[in-house]
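Below, each chain spelled out in residue letters.
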Amino acid sequence: MKAQQQALSYLQTLNLQGIIRSLDEMINDAESRKVSYLGFLNGLLAAEIEYRIKRRVERNLAGAHFPVVKGLEDFEFGRVKGIGKSEATNLLDCRWIDTRENLLFFGPPGIGKTHLAIALGRTAVEKGYKVCFERVTGLIKLLKTAEVQKTAEYRIRRLMKSDLVIIDEIGYTPIEKREANLFFNMISELYEKASVVITSNKSFDAWAEMMGDTVMTTALLDRLLHHAKVFTLDGESYRIKKSRKEE
Ligand code: ADP
Ligand code: MG
């Protein structure tokens with residue numbers, strides 16, 4: 001018993017929380033199954049690694065700032081044109097993140113653009129990628145205040161180091177020229193370094209008007225579309241359909 005207390009104290013000093021959590025069970029198991037010294041050591045190390053991976057995913061899920069929990073398993077593909085179930089399921093392998101490809105979801109409100117973006121983002125986090133989710137209005141506020149506000153600076157720094165940046169709801173509110181500039185600079189910096197997912201209710205041709213600068217919008221789209229999959233979704237708004245059903 002004393003030896004175990006000593007072991008626990010060493011483990012605390014080294015902060016090996018994964019081993020601490022499974023130590024009792026592993027000792028009992030090793031004694032009853034007569035596990036070799038090396039087998040026991042490997043078991044302990046595996047427990048620590050598994051615990052650290054789990055913790056990192058939990059931290060990255062919290063750090064992604066997803067507004068709600070959504071998954072592909074509760075997405076009804078029959079309701080929407082422009083993306084098929086197998087096409088969406090294939091994206092769950094996250095190969096497009098490895099190759100720094102972007103995904104752009106266009107379509108009217110309530111069609112599931114944000115839902116799909118969150119579902120793909122969550123899977124990416126679970127697979128070990130670093131993800132940041134921001135609505136474009138929030139993102140622009142962060143970009144504008146990053147120089148003077150520590151929390152904004154911290155968020156932007158995390159965003160720039162992410163594997164995947166999801167920018168939601170482009171097009172609902174017009175963007176001032178200075179804001180569009182900050183946004184353009186950010187996309188340029190992310191270009192070929194990270195994947196970007198964008199959702200927008202406005203088609204490309206309406207972007208220039210929304211950003212008030214044709215030349216810059218062209219340059220922005222050029223970067224976003226260089227390695228990208230574009231999904232133009234259509235169908236009836238899920239929100240309207242649902243409220244009608246509930247009437
Ligand atoms: P958008 O971003 O296109 O405006 P959302 O993704 O926010 O739409 O969808 C609005 C609501 O309807 C969300 O609660 C979402 O989960 C749900 N929803 C939209 N499309 C579908 C779908 N095809 N299957 C299941 N739920 C959907
Ligand atoms: Mg949305």
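Above this text sits the structure in question.
Here is what the cut-offs are and how they apply
Residues numbered from 1 in each chain as written. Chains lettered and ligands numbered in written order. Predicted model: local features only at pLDDT ≥ 70, side-chain atom pairs only at ≥ 80, totals over all residues. Heavy atoms only, no water. Pairing = 2+ DSSP bridges. Helix = DSSP H or I, 4+ residues; strand = E, 2+ residues; numbered from the N terminus. Axes fitted to C-alpha atoms, helices over the stretch in contact; angles between N-to-C directions. Contact = heavy atoms within 4.5 Å.

### Observations concerning the sheet that holds strand 3 (residues 164–170)
Step number 1: Spatially, five strands are ordered 2-3-4-1-5 in an open sheet, and the strand pairing comes out parallel. Two strands lie at the open edges of the sheet, namely strand 2 (131–135) and strand 5 (228–232), each paired on one side alone. If you compare each strand with its neighbour and ignore which way they point, the axes differ by 10° on average.
Step number 2: Bridge analysis of strand 1 (residues 102–106) against strand 5 gives five bridges, and the strand direction is parallel. Of the residues in strand 5, the one forming a bridge with N102 is A228.
Step number 3: Contacting strand 2 and strand 3, helix 7 (residues 136–145) crosses the sheet at an angle of about 100° to strand 2.
Step number 4: With respect to the sheet, helix 9 (residues 177–190) is in contact with strand 3 and strand 4 (195–200), its orientation differing from that of strand 3 by roughly 150°.

### Digging into unusual backbone geometry
Step number 1: In this structure, N15 is a non-glycine residue whose phi angle is positive, near 55°.
Step number 2: Looking at the secondary structure, you find N15 in the loop between helix 1 (2–13) and helix 2 (17–33).
Step number 3: Positive phi is not limited to glycine here, since E192 has a value of about 65°.

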